[in-house]
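Chain by chain, the residues:
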Amino acid sequence: MADTRINPSILSADFVNMEADLARIAAADFVHVDVMDNHFVPNLTFGPQMVRRVQETSPVPLDVHLMITDPDRWAPGYAELGAASVTFHLEAAAEPVALARRLRQIGARAGVAVKPATPVEGLYDVLDEFDQILVMTVEPGFGGQSFMADQMPKLARLRDEARRRGSHVWLQVDGGISESTIAQAAEAGADTFVAGSAVFGAADPGRAIEALRAQASAHVH
Ligand code: DX5
Ligand code: ZN
C-alpha cells in the first residue's frame, strides 16, 4: 500500500466548537489549517492566536496553508508556534527559497502552493528546497467548490519531474476532494489530500477519512 496522507480542512469545522471538531478527525494524518487574510484571497479566517490554540488542542500535527500576502514576513511565526508543516503561496512570496529554508531551520516542513493559473515549471530546479508542493484544485478562498480536473496534467508533470530527479517532495491537492474525485488526483500523482466539506459534511468524519484513505491508496502509484 502506497504512502498517502488525508488532511481534513478545519475551514469546514464549527469555529465555536473547534475542540470537539478536532476530536472528530483524530484519525487524520494532519489537520489542514487555512489562514486567509482577506487580501491575498477574498475571505478572512484566523491568524496566529487561533492557530496556536488549535496547535495546543489538536492530537494531530498541523498542516498550515497560508493564503496571505507577505508570507516572507508572517510564515516563520507559524513554524515557531509548532506547526509541523507551513505552506505559503508562490504568487505571494518575494523570496520563496529563502523562506522555505527559514521554515526548515525553525523545524517545520516547508511547503509552497500554486493557484490554478500558476505554472510549476519554475519550481523544477528547486524541488529539494521544499517538503511539499500544493497544487490547488480550486481557486483559493472558499470551501465547497468544484474540483478542477484541468489541474491534473500539471500535477502529473510535477510528479514525473520529481521522480526523474529522485525527489521525495510530497504532492498535495486541495479543493473539491471527495470520494468521487480523489482517485483521479491520486492517479495524477498526489499523495497528500486535503478535504474540508467531504469530511466535515459527513455524518461520521472518521469514516469519511478512512473511505478517502482507501480510495487514495488504491489509486496512487
Ligand atoms: C480553499 C482552502 C481549502 C478548503 C477545501 O481555499 O484552501 O483547504 O478548505 O475545502 P473543500 O474540501 O470543501 O473544497
Ligand atoms: Zn487549504
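Everything below is about the structure shown above.
Let me begin by describing the structure that accompanies this report. Note that this is a predicted model, so its numbers are computed, not measured.

Some words on the coordination of the zinc ion (ligand 2)
Any two of four tetrahedral donors ideally make an angle of 109.5 degrees at the metal, while pairs among six octahedral donors ideally make 90 or 180 degrees. Ligation of the zinc ion (ligand 2) by protein atoms is provided by His32 (NE2), Asp34 (OD), His65 (ND1) and Asp174 (OD), these donors lying 2.1 to 2.3 Å from the ion. Around the zinc ion (ligand 2) sit six donor atoms; with metal-centred angles ranging over 71 to 173°, the donor geometry is octahedral. The sequence pattern describing where the donors of the zinc ion (ligand 2) fall on their chain is H-x1-D-x30-H-x108-D. Here Asp34 is found in strand S2 (residues 31–36), whereas its partner Asp174 is found in strand S7 (residues 170–174), with 140 residues between them in sequence. Of the two residues examined, Asp34 and Asp174, each falls in the buried class.

Considerations on the pairing of strand S5 (residues 109–114)
Of all six residues in S5, five are buried, a share of seventy percent or more. Bridge analysis of strand S4 (residues 85–89) against S5 gives five bridges, and the strand direction is parallel. If you follow Thr87 over to S5, its bridge partner there is Gly111. Note on the crossover from S4 through helix H4 (residues 96–106) to S5: the handedness is right-handed. As defined by bridge partners, S5 adjoins strand S6 (residues 132–136) across four bridges and the pair is classed as parallel.

A short note on the packing of aromatic side chains
Two aromatic rings, taken as a pair, are described by how far apart their centres are and by the angle between their planes. For the coordinates displayed, the defined rule picks out three aromatic pairs. Ring centres of Phe15 and Phe46 lie 5.5 Å apart, and the angle between their planes is 50°; this geometry places the pair in the tilted category. Of this pair, Phe15 sits in the loop between strand S1 (5–8) and helix H1 (18–24) while Phe46 sits in the loop between S2 and helix H2 (48–57), and the two are 31 residues apart along the sequence. Both rings, one in Phe88 and one in Phe130, keep their centres 6.5 Å apart while their planes meet at 55°; by these two values the pair is tilted. Within this pair, whereas Phe88 is found in strand S4, its partner Phe130 is found in the loop between S5 and S6, the two being separated by 42 residues in sequence. Classification of Phe88 by relative accessible area gives buried; the value is 0%. The exposure class of Phe130 is buried, given its relative accessible area of 3%. Positioned above the aromatic ring of Trp170, the side-chain terminus of Arg109 is 3.5 Å from the ring centre. The ring of Phe40 carries Lys115 above its face, with NZ or CZ at 5.1 Å from the centroid.

About the thresholds
- Residues numbered from 1 in each chain as written.
- Chains lettered and ligands numbered in written order.
- Predicted model: local features only at pLDDT ≥ 70, side-chain atom pairs only at ≥ 80, totals over all residues.
- Heavy atoms only, no water.
- Donors = N, O, S within 2.8 Å, 3.2 Å for Na, K, Ca; no water.
- Tetrahedral: all angles 85-135°; square planar, octahedral: opposite > 155°, others 65-115°.
- Helix = DSSP H or I, 4+ residues; strand = E, 2+ residues; numbered from the N terminus.
- Buried < 20%, exposed > 50% of the residue type's maximum accessible area, 1.4 Å probe, protein only.
- Pairing = 2+ DSSP bridges.
- Right-handed = clockwise from strand over helix to strand, strands pointing away.
- Phe/Tyr/Trp six-rings, centres within 6.5 Å; stacked < 30°, edge-to-face > 60°.
- Lys NZ or Arg CZ within 6 Å of the ring centre and 35° of its normal.

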